Every structure is written in C-alpha cells, then in structure tokens.
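Notes for the structure review
In case you want the letters, here they are:
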Amino acid sequence: DFGSVSTDPEKHDVEYLTPISIGTPPQDLIVDFDTGSSDLWVFSTEMAASDIKGQTVYDPSNSSTSQILQGSTWEITYGDGSSSSGDVYIDTVTIGNLTVPNQAVEAAKKVSSEFTEDPNNDGLLGLGFTSINTVQPTPQNTFFDNIKESLDARLFTADLKHGAPGSYNFGYIDPAAYIGNISWTPVDNSQGFWGFTSPGYAVGTGAFRNHSMTGIADTGTTLLLLPKSVVSAYYKEIQGAEYDSDQGGYVFPCSPTPPDFVFGVNNGIVTVPGDMVSYAPVDTANQNCFGGIQRDTGIGFSIFGDVALKTSFVVFDAGGLQLGWAAK
Ligand SMILES: COc1ccc(CN)cc1O
C-alpha cells in the first residue's frame, strides 16, 4: 500500500499545509505536517469561540465513528513558545488514499495565540517518533506509526517547494521526484526526532569546512537554525549583513543575492541557493531581508527546517532508520 498528498506553502513558505479527513462522514481539515513533533491535534468544537478565527474545527459529535479515549489528555509546547492542549478521540483519519480507522485524534480545548492568529492552519499532524507523543496516561501512535506496517516500504518522503505545491508520499520513493543520487545518513531517534549529524558546510563556492552539526530534519520549523559560529561565518560573506536584535536575527540587503549555503549529508552535499536565504523583506521598501539561516542558540541542537528541506527531496526512512537527501 502507498499514498500521496499535496502540501501547499503559506506566504514566505512559513509553513506547509496539507489536507486530511477525520470521521464519518469525513470532516476535511488542513494541517501542518510536522516531523519535529508526534501529536495529531486539531481545532475542535471543544474550544472557546474566542480562540477560533477562521479555522475549520473537528466536531467529534458529528462523527459516527468517534469514540472518546476515556481519561486521556494532551498538552504540548513548541520551540517557538506556542502551545495547545485538550482531550482525545479515536476516529478514522484519511490522508490521500490511506486510512487509519483507529487513529488518536487530539481535540484542542485550548490553543495559544500563535495558532488562533493563523487562520488557515487547523492543527498539526506529527510525523516524529511516537516516543514523544504527549497523550497521558498512555502515549498514542502517530498516523505514520499506525500505517507503516501496511506500506510497501516503512518510509515517507517530503518534497516541499518554494512558493509552489509539493507533496508528502507514504510507502514509496518516486524516482521522478529527484535527480542524481540520494545521500543517506543514519538517524538518531533517541530524542523522538529525525536526528542526524552533518559533517560540515561551505559558503558559496568556498572550500568545504569540516564542522559537525547535529540536528533534526523538521518540516514544522520554517528556518535553517545552525550553530552560532557557522551562521556568523556565513553572514561574514555578505556585505552589510548584521545581527539585528530588534528583528531577532541576521538581516542583510535583499540584493545582491547572497552566496549559496552548502551542508554535508554523509558523503553528499545539500545546496541552499542564495535566493532561498533571503527569507523575507523586513521593511516595506524591501531593502533589507531577514535571513533564512539563523542561530540555533538555546535549542541544544540544530534544526534543518523548511529553508533546508525545500531545496531537496527528503526520505524519512523508519525501516532503515535513516534520512535520504537528494537534489531535485
Ligand atoms: C503557530 O504555528 C506553529 C507552531 C509550532 C509548530 C511546530 N514547530 C508549527 C506551527 O504551525
């Protein structure tokens, strides 16, 4: 069995939104697939109306297949400080043509303002490892964990694009989706993430610098967050680049296009084109741009978010516990 679903970027590729269906008859919601977390939670009819601003909500009472998971609750806080919490239903969930009949659907009772102010995002679908699912007293499987035994291959792929629809595929590697070879690197899932270590980086056409960077492949984080020393070495090459504490990161003149950023994946490399590093203008005159590469200070590891992922075709292989990166 295998499946595919389209995923669309919000403005500035800040997040990628993907349709799912929950319940009987199906309730269609659009959520953020997040390889950096492992809860499937959605806006729901159990929330205060004031916390809902445009989102579509899951109504378990309108689903003939929903069953409350008695006594279970969940609560999650993300790296950006946003949070949500609620209770849990078991219901049927479909992604593309793939259905899990007894998926734990975490219904929100509360969400923080970052979610309320994000009208097009109806929730998150975690694609991290089940070990970090927040449901108490018994953690619940992710959609991928529930479906993976029935897939032709225990993997999914992320093909995120800049300003254009991409796709998440489950159970197969589409040879038409990438070029060249896939560079494979082992995954450390001990913290529940798709963790790996990059051997180093290069700036523009410069020499490759050996510099171990341990981080996670995270579709739910917008930017590429790397060690302070690597980030400062990169921005040193851009005229006028500076760390702007008001903006909370490096800012630089939007033109000329900055140098590419290259990072290693095992014996291969991934190139983030310079025009992907100019993440978004910080002023209406579009003179200065906020960088897509920023410091990972305080996190404890690097985060290879959408700025890194959208340059590549990425294979999240649970069967082989490895990540594959290819150009496209
Ligand atoms: C406020 O929106 C979000 C907060 C956190 C995550 C997970 N990194 C995804 C989101 O879409």
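Residues numbered from 1 in each chain as written. Predicted model: local features only at pLDDT ≥ 70, side-chain atom pairs only at ≥ 80, totals over all residues. Heavy atoms only, no water.

**Here's the deal with the overall build of the protein**
Along the protein, the regular secondary structure elements total 5 helices and 24 strands. Taken over C-alpha atoms, the radius of gyration comes to 20 Å for the protein, in line with the 20 Å a tight globule of 328 residues would show. The principal-axis extents of the C-alpha atoms in the protein amount to approximately 60 × 45 × 35 Å. Within the protein, counting contacts between residues at least 6 apart in sequence, those at least 24 apart form 66% of the total. Only carbon and sulfur atoms are counted for the fraction: they give 49% of the accessible area of the protein, which is about 13600 Å². (Helix = DSSP H or I, 4+ residues; strand = E, 2+ residues; numbered from the N terminus. Rg over C-alpha atoms; globule rule 2.2 N^0.38 Å. Contact = heavy atoms within 4.5 Å. Areas by Shrake-Rupley, 256 points an atom, 1.4 Å probe, with all protein chains shown as cover.)

**Considerations on the sheet that holds strand 14 (residues 224-226)**
Read from one edge of the open sheet, 7 strands run 18-17-12-13-22-14-21, paired in mixed fashion. Either end of the sheet is taken by a strand with one partner, and the two such strands are strand 18 (268-272) and strand 21 (293-295). Averaged over neighbouring strand pairs, the angle between their axes works out to 40° when direction is ignored. Sheet topology note: the strand 12 (residues 195-203)/strand 13 (residues 209-217) ladder contains 6 bridges and is antiparallel. Bridge pairing links phenylalanine 196 to glycine 215 in strand 13. (Pairing = 2+ DSSP bridges. Axes fitted to C-alpha atoms, helices over the stretch in contact; angles between N-to-C directions.)

**What to know about the nonpolar core**
Phe33, Phe170, Phe261, Phe263 and Trp325 are the most contacted members of the largest nonpolar core, which has 74 residues in total. The element best represented in this core is helix 3 (residues 228-235), accounting for 5 residues. Apart from the residues within four sequence positions on either side, phenylalanine 263 is in contact with Ser198, Gly200, Tyr201, Met213, Gly268, Ile269, Val270, Val272, Phe304, Ala308 and Trp325. If you look at the next biggest cluster of nonpolar residues, it comprises 14 residues, including Trp41, Phe43, Ile76 and Phe115. (Core = buried A, V, L, I, M, F, W, Y, C linked by side-chain atoms within 4.5 Å. Buried < 20%, exposed > 50% of the residue type's maximum accessible area, 1.4 Å probe, protein only.)

**Quick look at the state of the cysteines**
This structure, assessed with the given rule, holds 1 disulfide. Disulfide pairing is shown between cysteine 254 and cysteine 289; the S-S distance is 2.2 Å. Disulfide cysteine 254-cysteine 289: torsion about the S-S bond near 105°, hence right-handed. Here the residue cysteine 254 occupies a position in the loop between strand 16 (249-253) and strand 17 (261-265), and cysteine 289 occupies one in strand 20 (residues 288-291), the gap between them amounting to 35 residues. On the basis of relative accessible area, cysteine 289 is assigned to the buried category, the value being 5%. (Disulfide = S-S within 2.5 Å.)

**Points about the pattern of salt bridges**
With the rule as written, the count across this model stands at 6 salt bridges. In this structure, glutamate 117 engages lysine 53 in a salt bridge whose closest nitrogen and oxygen atoms are separated by 3.0 Å. Taken as a pair, glutamate 117 in the loop between helix 1 (113-116) and strand 8 (123-126) and lysine 53 in the loop between strand 4 (40-42) and strand 5 (67-77) lie far apart in primary sequence, 64 residues in all. One salt bridge connects lysine 148 with aspartate 145, and the closest N-O pair in it is separated by 2.7 Å. With a relative accessible area of 18%, lysine 148 lands in the buried category. Through salt bridges with shared partners, one network takes in Asp159, Lys161 and Lys328. (Salt bridge = Lys/Arg side-chain N within 4 Å of Asp/Glu carboxyl O.)

**Quick look at the layout of surface pockets**
The volume enclosed by the largest pocket comes to roughly 890 Å³. Lining the largest pocket are 32 residues, with Tyr78, Gly79, Asp80, Gly220 and Thr221 positioned closest to its centre. At the level of elements, strand 3 (27-34), strand 5 and helix 1 are the ones that each hand at least two residues to the lining of the largest pocket. Class assignment for the residues of the lining of the largest pocket results in 14 nonpolar, 11 polar and 7 charged. (1 Å grid on protein atoms, 1.4 Å probe; cavity = no way out; pocket = protein on both sides within 12 Å on 5 of 7 lines; lining within 4 Å. Points joined across faces, edges and corners; volume = space filled by probe spheres on them. Nonpolar A, V, L, I, M, F, W, Y, C, P; charged D, E, K, R; others polar.)

**Points about the site of the ligand**
Lining the immediate surroundings of the ligand are Glu15, Asp32, Asp34, Tyr78, Asp80, Ser82, Glu114, Phe115, Asn121, Leu124 and Gly220. At a separation of 3.0 Å, an oxygen atom of the ligand approaches a polar side-chain atom of aspartate 32. Contacts to the ligand include asparagine 121, whose side-chain N or O atom sits 3.4 Å from an oxygen atom. Burial of the ligand by the protein amounts to 89% of the accessible area it has alone, namely 310 Å². Of the pockets mapped on this structure, the ligand occupies the largest pocket. Secondary-structure elements contributing two or more residues to the shell around the ligand are strand 3 and helix 1. Its residues placed into classes, the shell around the ligand shows 3 nonpolar, 3 polar and 5 charged. (Near = heavy atom within 4 Å. Polar contact = N/O pair within 3.5 Å; in protein donor to acceptor, adjacent residues only side chain to side chain. Sits in = over half its atoms within 2 Å of the grid points.)

**What to know about empty space enclosed by the protein**
In total, this model carries 1 cavity of 30 Å³ or more according to the counting rule given. Computed from the structure, the largest cavity encloses a volume of approximately 30 Å³. What lines the largest cavity is simply Leu127, Gly128, Phe129, Thr142, Phe144, Asp145, Trp194 and Ala318. Its residues placed into classes, the lining of the largest cavity shows 5 nonpolar, 2 polar and 1 charged.

**Details of unusual backbone geometry**
The step from glutamine 136 to proline 137 runs through a cis peptide bond, and the omega angle for that step is 0°. Note on placement: proline 137 falls in the loop between strand 8 and helix 2 (143-147). Cis geometry marks the peptide bond from serine 255 to proline 256; its omega dihedral reads 0°. As for its placement among the helices and strands, proline 256 is situated in the loop between strand 16 and strand 17. The backbone of asparagine 266 sits at a positive phi, close to 50°, despite the residue not being glycine. Structurally, the position occupied by asparagine 266 is in the loop between strand 17 and strand 18.

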